[in-house]
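# Structural overview
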Protein chains: 2
Amino acid sequence: MDKQRRDKKEEASTQGRPTLKTLAFMTGLGVTTVSRALKDAPEIGAETRRRVQLVAKQIGYRPNRAGVRLRTGRTNVISLVLNTDREIMSFVSDIIYGVSEVLAETPYHLIVTPYSRSQDPLEPIRYLVETGSADGVIISRTQPNDPRARYMLEHGMPFATHGRTDMGVVHPYHDFDNHAFAIEAVRRLASMGRRKLALLSPPPGLTYYSHTLNGFADALSEVGASEIPFNTVSIDHSIEQIRSRTAQLMRRENRPDGFVSSAAAATLAIVAGIEDAGLKLGRDVDVVSKQSSDLLHLFRPELLVVNENFRLAGSELARSVLGWIGGAAPGSLQSLSLPGEVQAYQRPAD
Amino acid sequence: MDKQRRDKKEEASTQGRPTLKTLAFMTGLGVTTVSRALKDAPEIGAETRRRVQLVAKQIGYRPNRAGVRLRTGRTNVISLVLNTDREIMSFVSDIIYGVSEVLAETPYHLIVTPYSRSQDPLEPIRYLVETGSADGVIISRTQPNDPRARYMLEHGMPFATHGRTDMGVVHPYHDFDNHAFAIEAVRRLASMGRRKLALLSPPPGLTYYSHTLNGFADALSEVGASEIPFNTVSIDHSIEQIRSRTAQLMRRENRPDGFVSSAAAATLAIVAGIEDAGLKLGRDVDVVSKQSSDLLHLFRPELLVVNENFRLAGSELARSVLGWIGGAAPGSLQSLSLPGEVQAYQRPAD
DNA sequence: TTGGCAATCTGTAACGTTTCAGTATATCTA
DNA sequence: TAGATATACTGAAACGTTACAGATTGCCAA
């Protein structure tokens, strides 16, 4: 019995991965003291604290995540909830990189929680909340009245949304100012003499759909241009659909002489549709498009682009959730990213 | 003392989230029995087993991950290790989706572990192994002699590589057959009468660099075409660099009349460079490019494309690691994806 | 009847952490 | 000098799970 006890103590020094017990053994202190010393608790003597922290660093102690999680309920995990079929183009990776960048400096891990078209978007959120699998959540494709945001608010799960809601509740978000984007886009087209503008909008359910539409409408009346309706299709539609609808539209009597496109991939389809109709970009019609990587000007030099930085969005979202988890006021964790200058094509120096 | 015991027991029924203790209380069994009944242990009576599983399903019992992890060391986590600055285009999201798709049917979570140019690529791997943060790892940008693969083999961490190694050791991988891609590409160019071909290769350090080069060389001699060296640049270089080098090359006396490009984004730059030099795609030169999403034909109809399915790669990689974790022979968990047909442009039906 | 043996079930300990409720010592107050 | 008080530390319990080492029961062979 006594022998067993001694054996147990001694094991601590020889084990594979150091634990609090190892540190306690090495320093001659109790595990409690070691635990507290590592988190700078005030009731630990200054010298003891330094000594423990030194030894911990020396032997490369890292707290066991399962132990912490089991005891405290804190997971040190942020979950990024993604729709696996919609978000087609690359911006997902940018967001992930942005989030990672911020989390890298923290003990947090990033887990990706997917859901697909067949599922209720609420389902992965419920899972996360019910199982307590994350300390914070980031969602995208935010809706004006977003059941996911409501659910998490009700259940006390910190989160940040990519895009704003419109439910009269306050929560962290990061958004790109799509209202401003649409205004700038229209102004630019107007300044080139374009007067009949079409908008390829975001999908109607999402909040930034109306932001974009409002900006578009505001700017239209400001510059005295008119809208050619193009609302049978959105950036969520397939490339083929957008292309053929654009071609249809461009073959009509009353066709637009300017396009505003909310997504880069869709812009490729718009341009293809324009050319299918036998028209020429830059001569018959101009197109302003959002893009997240600087590739559109290679596609057609005549394209006008506005950059949206998704990596930045990822970082901001991560900072926001962490802030909320850390106790900051949700209202102070909201940010809006303004569109960069509308950029015309510039040939790079050789 | 006795009172306390009773209180403790009763708490089990009223708690927020059901645990084994809750189930034990409800069924009148011991926690051990419940635990075993849930995992179909043979020493549990058939009726008891069914009863426990029924109740568990009814009240929505889900094992506490922290508990399992602490006790068993199993994390139920697969880590996807990503370089945050290199992998520029969108294929990262496809891989993630592919992995997610497979993991969704399992208790596994996907965590994304990033590393950046400044870091030793081995560092995140060491972290994962030392802290036991994952049961399996997926890596990309695989090298012929890959220190990460070696390290994980030595430390008994199951993994799968995107791309093969060449170290004389066997481990799970998924790879796209870049040798076959290069051959098909060259053949296609040759069949169009192209005789002087340039290759924009993958970055030299990676395994598929030589696969691509070998395929290219093999096919060149097969069809009797010659190579115009273009090895001052690779798909890892910036768009601007590739563009200006291409333009330089195309202004030379002895310029290529065909390109093989290993990445879609780079192809945009190649075409831009060609046009910078005043030449025309399809007339003066043809280009065969890999692509992961079907957008290149919108860019220039004359482009010849070969599709690489990264979503499939993700799924295969996930299946491979899971297989290894499940005890399958690593040698049986290798797969190679053949390039689809070289696709010429087809105008979609309106 | 007794011992043995299979079939079922159970309590206890342990994983690594934090928190609660202390204990021991030194220092001050009256 | 006695008691209070602050300082620095400690053991035990608990989070939820699984594994080890039994315990109880019924049944069969001897």
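See the structure shown above.
Overview of the structure. Residue positions within a chain follow its written sequence, with the count starting from 1. Both sets of labels track the order of writing: A upward for chains, 1 upward for ligands. Reporting of local features is limited, given that this is a predicted model, to residues whose pLDDT is at least 70; pairs of side-chain atoms are given and counted only at 80 or more, and all residues count toward the totals for whole chains, interfaces and linings. Side-chain metrics in this entry use all non-hydrogen atoms of the structure; hydrogen atoms and water are not considered.

### A word on the sheet that holds strand E8 (residues 258-261) of chain B
All names here are of chain B. Here a strand pair is declared whenever DSSP counts at least two bridges between the two strands. Secondary structure elements follow DSSP: runs of H or I of four or more residues count as helices, runs of E of two or more count as strands, with numbering from the N terminus. If you walk across this open sheet you meet the 5 strands as E7-E6-E8-E9-E10, and the pairing is parallel. The sheet is open, and its two borders are formed by strand E7 (226-227) and strand E10 (304-307), each paired with just one other strand. Here E8 pairs with strand E9 (residues 286-291) via 4 bridges, running parallel. Bridge pairing in E9 places Val-260 opposite Val-288. The strands touched by helix H12 (residues 264-276) within the sheet are strand E6 (196-200), E8 and E9, with E9 carrying the most contacts at an inclination of about 160°. In what follows, a contact means two residues having at least one pair of non-hydrogen atoms within 4.5 Å. For helices, the axis comes from a line fit to the C-alpha atoms of the stretch in contact; other axes are also lines fit to C-alpha atoms, and the angle between any two N-to-C directions lies between 0 and 180 degrees.

### Some words on the protein's contact with DNA strand D
Around DNA strand D, the surrounding shell holds 26 residues, and the nearest of these are Gly30(A), Thr33(A), Leu20(B), Tyr61(B) and Arg71(B). The sugar and phosphate moieties of DNA strand D supply 59% of its atoms located within 4 Å of the protein. The definition of a polar contact used here is a pair of N or O atoms within 3.5 Å, where within protein one atom must be able to donate a hydrogen and the other to accept one, and adjacent residues in sequence count solely through side-chain atom pairs. Contact between DNA strand D and Gly67(B): a base nitrogen at 3.3 Å from a main-chain N or O atom of the residue. Those elements that provide at least two residues to the surface near DNA strand D are helix H3 (31-38) and helix H5 (65-72) of chain A together with helix H2 (20-27), helix H3 (31-38) and helix H5 (65-72) of chain B. Per-element tally for the surface near DNA strand D: the top contributor is H5(B), with 4 residues. Throughout, the term near means that a residue has one or more heavy atoms lying within 4 Å of the molecule or strand in question.

### Considering the packing of H2(B) against helix H4 (residues 46-58) of chain B
The packing of two helices is summarised by the inter-axis angle and the distance between the axes. Residues and elements named next belong to chain B. Contact geometry for H2 and H4: axes closest at 10 Å, N-to-C directions at 120°. Here H2 lies oblique to H4, going by the angle between them. Between H2 and H4 lies a crossing whose hand is right-handed. Counted together, Leu-23, Met-26 and Thr-27 of H2 and Arg-51, Val-52, Val-55 and Ala-56 of H4 form the full contact between these two elements. Here the contact of H2 with H4 is composed, by residue class, of 5 nonpolar, 1 polar and 1 charged. In these notes the angle categories are as follows: under 35 degrees is roughly parallel, over 145 is roughly antiparallel, 65 to 115 is roughly perpendicular, and the rest is oblique. Helix crossings are classified by the rotation of the near helix relative to the far one: an anticlockwise turn of less than a right angle makes the crossing left-handed, while a clockwise turn makes it right-handed. Three classes are used: nonpolar for Ala, Val, Leu, Ile, Met, Phe, Trp, Tyr, Cys and Pro, charged for Asp, Glu, Lys and Arg, and polar for all others, with Gly counted as polar.

### Topic: the packing of H3(B) against H4(B)
Residues and elements named next belong to chain B. Here H3 crosses H4 at 90°, and the two axes come no closer than 9 Å. With respect to H4, the element H3 is oriented roughly perpendicular. In this structure, H3 uses Thr-33, Val-34, Ala-37 and Leu-38 to contact H4, whose residues at the interface are Thr-48, Arg-49, Val-52, Gln-53 and Ala-56. In terms of residue class, the contact of H3 with H4 is built from 5 nonpolar, 3 polar and 1 charged.

### So, the side chain of Thr207(B)
All names here are of chain B. Assignment of secondary structure puts Thr-207 in helix H10 (residues 207-223). Only 3.3 Å separates the side chain of Thr-207 from the backbone oxygen of Gln-143, close enough to count as a polar contact. Among the polar contacts made by the side chain of Thr-207, one reaches the main-chain carbonyl oxygen of Arg-164 at a distance of 2.7 Å. In this structure Thr-207 touches Thr-142, Gln-143, Pro-144, Arg-164 and Thr-165, once residues within four positions along its chain are discounted.

### Section: the interface of chain B and chain A
Facing 48 residues of chain B, the contacting portion of chain A comprises 49 residues. Buried surface area refers to the total accessible area, computed with a probe of radius 1.4 Å, that the two partners give up upon joining, counted for both partners together. Broken down residue by residue, the surface that chain B buries against chain A is led by Tyr97(B), Arg243(B) and Leu298(B), which jointly contribute 14%. Salt bridge, as applied in this entry: a Lys or Arg side-chain nitrogen positioned within 4 Å of an Asp or Glu carboxyl oxygen. Taken together, chain B and chain A are joined by 0 salt bridges. Inspection of the region where chain B meets chain A yields 12 residue pairs in polar contact (both at pLDDT 80 or more).

### Description of the environment of Leu298(B)
Counting through the fold element by element, Leu298(B) comes out in helix H13 (residues 296-299). Among residues more than four places away in sequence, those in contact with Leu298(B) are Ile239(A), Arg243(A), Leu268(A), Ala269(A), Ala272(A), Phe299(A) and Arg300(A).

### Re the packing of aromatic side chains
Centre distance and the angle of the planes are the two values used to describe a pair of aromatic rings. Residues and elements named next belong to chain A. Put simply, two rings from Phe, Tyr or Trp (the six-membered ring, in Trp's case) pair if the centres are within 6.5 Å, and we call them stacked under 30 degrees between planes, edge-to-face over 60, tilted for the rest. Following the criterion strictly, the structure yields 8 aromatic pairs over all chains and no others. Centroid distance Phe-159 to Trp-324: 5.3 Å. Interplanar angle 55°. Geometry classified as tilted. One end of the pair, Phe-159, is in strand E4 (residues 159-162); the other, Trp-324, is in helix H14 (residues 310-325), and 165 residues separate them in sequence. Overall, Phe-159 belongs to the buried group, its relative accessible area being 0%. An angle of 75° between the planes, with centres 5.6 Å apart, marks the rings of Phe-230 and Phe-259 as edge-to-face. Of this pair, Phe-230 sits in the loop between strand E7 (226-227) and helix H11 (239-251) while Phe-259 sits in strand E8 (residues 258-261), and the two are 29 residues apart along the sequence. Sitting over a ring, as applied to charges here, requires NZ of Lys or CZ of Arg to be within 6 Å of the ring centre and within 35 degrees of the ring normal. The lysine or arginine in question, Lys-290, covers the ring of Phe-181, its NZ or CZ lying 5.5 Å from the ring centre. Classification of residues uses two cut-offs on accessible area relative to the type maximum, computed with a 1.4 Å probe and protein chains only: under 20% is buried, over 50% is exposed, and between them is partly exposed.

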